[in-house]
There are 2 protein chains.
Amino acid sequence: MYFETKEFLKHISIDSVVFGFHENQLKVLLLRMKKTNEWALPGGFVKKQETLEKAASRVLKERTGLNDIFLKQFSVFSDPNRSRKNPAAKELSDPGSNSSFAWFSNRFISVGYYALVNFSQVEPTPDFFSDRCEWQSIDEIDRLIIDHNQIINKALETLRLQLNYQPIGYNLLPPKFTMPQLQKLYETLLGKTLDRRNFQRKILSYKILNKLDERKTGGAHKAPYLYEFNLENYQKALQNGLYGGW
Amino acid sequence: MYFETKEFLKHISIDSVVFGFHENQLKVLLLRMKKTNEWALPGGFVKKQETLEKAASRVLKERTGLNDIFLKQFSVFSDPNRSRKNPAAKELSDPGSNSSFAWFSNRFISVGYYALVNFSQVEPTPDFFSDRCEWQSIDEIDRLIIDHNQIINKALETLRLQLNYQPIGYNLLPPKFTMPQLQKLYETLLGKTLDRRNFQRKILSYKILNKLDERKTGGAHKAPYLYEFNLENYQKALQNGLYGGW
């Protein structure tokens, strides 16, 4: 594996926040940088004949093994000193380093994408600059390089806003799930607990769920019912919002 | 006025779609390019020590005279051949041109912003590359340079989606307005007519309007009532959506 800087556009990078949901925890995919042992988001640069979307998909395919991840561009991070604020980035851009690392001393405006993926299908794979790639729970993430904590926070803020008008959960939950599981996902994304009855009433009013004639097995005698998403209505709600259009 | 390319980052540009509402028409601010007479969005480049937001504000202050325009980043346009698809851009990047124009032969990834502004406060002002700056009605815009028609369409698409969950109209309408004026704004943004009674019922249910004890003057004997936005509720609805949060 080799990193050839002249293949890429100067001054533009991409960073992706990949969310997964596992054992009732919201997880983010992170990499550990070889030289500094600090953690970072999966990201990369844009080839001279490549769209941004293509670059983001290429990088995430390499990191996760997944094709066709649905990526949403949510913000652009352009503080001129963003990479200089962090000792890890400074270390990376040390002129004594090899030329691949010196590339990092350029100013990069980073375009942020987020993705919601099926946790169990991901095969975390490090890149050229890292020696580890793994999921970390959102509430256990330490200080990341550059402004990557800020990028995660902004992605989460965007998701929280979208929870008010768009459905969520497909991809993050298994095909069949219980109401408590869905509520836990919402609670984790929102960072607060919700009233059980209000949640159920509201989420059912959107008509995006099919209640199955089936209960979760292996539980107590009052096992909760299973649900699945009504994909037709789910897609419509993604298009027009949960409350419909004008 | 002078355009010094070495002040700017390579490969990154910004383009802004500035919407205004005047005489029941949705307008977009456009510039006419000096060399080709083709029309373009107001845009520009990013200085080496400037954030994207700062660059977008700087450019729009120059084009409109307005400070503190609220700009929203909505998409990034990164087709590697976007600037080559258009004869006007080709002409601009002709090597026989002076060096300012040759700058345009670089590949630029353009970050799109949109703004909703008070039509009557804008003083349209051309830039270095243009000889005219003026408002054009959205349904009368001809073929623009590069992918600027696509940028406008994408901005409009984003606005239409937001109409389903966020309030709109502050800045675009005068401080006091009638229900028919507000409906016309929605119809213009959506590109379709709406039922008068349903519109009124729905918009009033959001509690973002104050009905004034005052009718539009100078009209027929059944002049419509005037409304103003309830700014506290309007701001809340911008934050949490028209239907409130979880």
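This structure is a prediction, so every number in the text was calculated from the model and none was measured.

K.L.:
Kindly report on the environment of G112 of chain A, identifying the contributing residues and their values.
P.N.:
Residues and elements named next belong to chain A. Along the chain, G112 falls in strand β6 (residues 109–116). Considering only alpha carbons, one finds G112 and L60, 52 residues apart in sequence, at a separation of 13 Å. Other than its neighbours up to four places away in sequence, G112 contacts D15, V17, Q73, F74, S75, V76, F77, I151, K154 and A155.

K.L.:
I'd like to hear about the domain arrangement of chain A, residue by residue, with values.
P.N.:
All names here are of chain A. Split by domain assignment, chain A resolves into domain 1 (5–161) and domain 2 (167–240). Spacing between the C-alpha centres of domain 1 and domain 2 amounts to 30 Å. Each partner contributes to the interface: domain 1 provides 9 residues, whereas domain 2 provides 8 residues. Put simply, the parts of the chain that give the side of domain 1 that touches domain 2 at least two residues each are β2 (25–33) and α4 (148–162). Within the side of domain 1 that touches domain 2, the residues separate by chemical class into 5 nonpolar, 3 polar and 1 charged.

K.L.:
Any chance you could break down helix α4 (residues 148–163) of chain B for me, citing the residues and the numbers?
P.N.:
Residue and element names in this part refer to chain B. For α4, with 16 residues, the first-to-last C-alpha span of 23 Å sits near the 22 Å given by 1.5 Å per residue. Burial in α4 covers these residues: H148, I151, I152, A155, L156 and L159. Around the axis of α4, the buried residues are gathered within 135 degrees of arc, so they sit on the same side. In the core, the buried residues of α4 are packed alongside β1 (8–22), β2 (25–33), β3 (39–40), β5 (71–77), β6 (109–116) and α5 (179–190).

K.L.:
Talk me through the interface of chain B and chain A; I want residue IDs and the actual numbers.
P.N.:
In many analyses, interface size is given as the accessible surface area lost on bringing the parts together. Contacts between chain B and chain A engage 27 residues on the former and 27 residues on the latter. Put simply, the parts of the chain that give the side of chain B that touches chain A at least two residues each are β1, β5, β6 and α5 of chain B. In terms of residue count, the dominant contributor to the side of chain B that touches chain A is β1 of chain B (4 residues). By residue class, the composition of the side of chain B that touches chain A is 14 nonpolar, 10 polar and 3 charged.

K.L.:
Which residues make up helix α6 (residues 196–205) of chain A, and what are the values?
P.N.:
The buried count for α6 of chain A comes to 1 of 10 residues, which makes it a mostly uncovered element. Looking one or two residues past α6 of chain A, K207 of chain A carries a phi angle of roughly 60 degrees, positive in sign.

K.L.:
A description of the sheet that holds strand β9 (residues 177–178) of chain B should follow, citing residues and the corresponding values.
P.N.:
Sheets are built from strands paired through backbone hydrogen bonds, the pairs being either parallel or antiparallel. Residues and elements named next belong to chain B. If you trace the 3 strands from one edge of the open sheet to the other, you get β9-β11-β10, paired in antiparallel fashion. Two strands close off the open sheet at either side, each with one partner strand: β9 and β10 (209–215). Bridge analysis of β10 against strand β11 (residues 225–229) gives 4 bridges, and the strand direction is antiparallel. Its bridge partner being in β11, N210 is matched across the sheet by E228.

K.L.:
Quick rundown of the sheet that holds strand β9 (residues 177–178) of chain A? Include the residues and the values.
P.N.:
One open sheet holds the 3 strands; their spatial order is β9-β11-β10 (chain A), and the pairing between them is antiparallel. Every other strand in the sheet has two partners, leaving β9 and β10 (209–215) of chain A as the edge strands with one partner each.

K.L.:
An account of unusual backbone geometry is needed here, citing residue identities and associated values.
P.N.:
All names here are of chain A. For D68, which is not a glycine, the phi torsion comes out positive at approximately 55 degrees. One can find D68 in the loop between α1 (52–64) and β5 (71–77). C-beta crowding within 10 Å serves as the criterion here: with 8 such atoms nearby, D68 is assigned to the exposed category. Positive phi, normally seen in glycine, also occurs at K207, with a value near 60 degrees.

K.L.:
How would you explain the nonpolar core if you had to name every residue and give the values?
P.N.:
In this structure, V17 and A115 of chain A together with V17 and A115 of chain B are the most contacted members of the largest nonpolar core, which totals 118 residues. When near neighbours in sequence (up to four residues on either side) are disregarded, V17 of chain B contacts V28, L41, G112, Y114, I151, I152 and A155 of chain B.

K.L.:
Explain the relation of the copies chain B and chain A to me, and be specific about the residues and the numbers.
P.N.:
When chain B is fitted onto chain A, the two copies agree to an RMSD of 0.0 Å after a turn of 180 degrees and an axial shift of 0.0 Å. Within this description, the copies of the chain are treated as partners about a two-fold rotation axis. When each C-alpha of chain B is compared by its distance to the rotation axis, Y165 of chain B comes out closest, at 3.2 Å. Of the residues that chain B buries at the interface, 100% are likewise interface residues in chain A, meaning the two copies contact each other through the same surface.

K.L.:
Describe the pairing of β1 of chain B, naming the residues involved and giving the relevant values.
P.N.:
All names here are of chain B. For β1, the tally of buried residues reaches 12 of 15 residues, placing the bulk of the element in the interior. Summarising the sheet, β1 and strand β4 (residues 43–47) pair through 4 bridges and their orientation is antiparallel. Its bridge partner lying in β4, S13 is registered against F45. Judged from the 8 bridges that link them, β1 and β6 form a sheet pairing that is parallel. From the neighbouring strand, S13 faces β6, where its bridge partner is S110. Taken together, the 4 bridges between β1 and β2 define a ladder with antiparallel strand orientation. Opposite H22, over in β2, you have Q25 as the bridge partner.

Procedures and definitions
- Sequence order as written defines the numbering, with residues in each chain counted from 1.
- Labels follow written order: the first chain is A, the first ligand is 1, and so on.
- Per-residue local features of the predicted model are confined to residues with pLDDT of at least 70, and side-chain atom pairs are confined, for both listing and counting, to 80 or more; whole-chain, interface and lining totals are unaffected and use all residues.
- Secondary structure elements follow DSSP: runs of H or I no shorter than four residues count as helices, runs of E no shorter than two count as strands, and numbering proceeds from the N terminus.
- Here the contact rule is simple: place C-beta atoms from the backbone, and any two residues whose C-beta atoms are within 7 Å are in contact.
- Boundaries between domains were set according to an automatic or database domain assignment.
- When residues are grouped by polarity, Ala, Val, Leu, Ile, Met, Phe, Trp, Tyr, Cys and Pro land in nonpolar, Asp, Glu, Lys and Arg in charged, and all others, Gly among them, in polar.
- Every helix has an expected span of 1.5 Å times one less than the residues it contains.
- Counting other C-beta atoms within 10 Å of its own, a residue is labelled buried from 20 upward, exposed at 12 or fewer, and partly exposed in the gap between, with every C-beta atom placed from the backbone.
- Note that the arc is computed from the directions linking the helix axis to the C-beta atoms.
- One requirement defines pairing of two strands: DSSP has to find at least two bridges between them.
- To define a nonpolar core, we join buried Ala, Val, Leu, Ile, Met, Phe, Trp, Tyr and Cys residues through C-beta atoms within 7 Å and take the resulting set.
- Our superposition of the copies is a least-squares fit, built on the C-alpha atoms of residues whose pLDDT is at least 70 in both.

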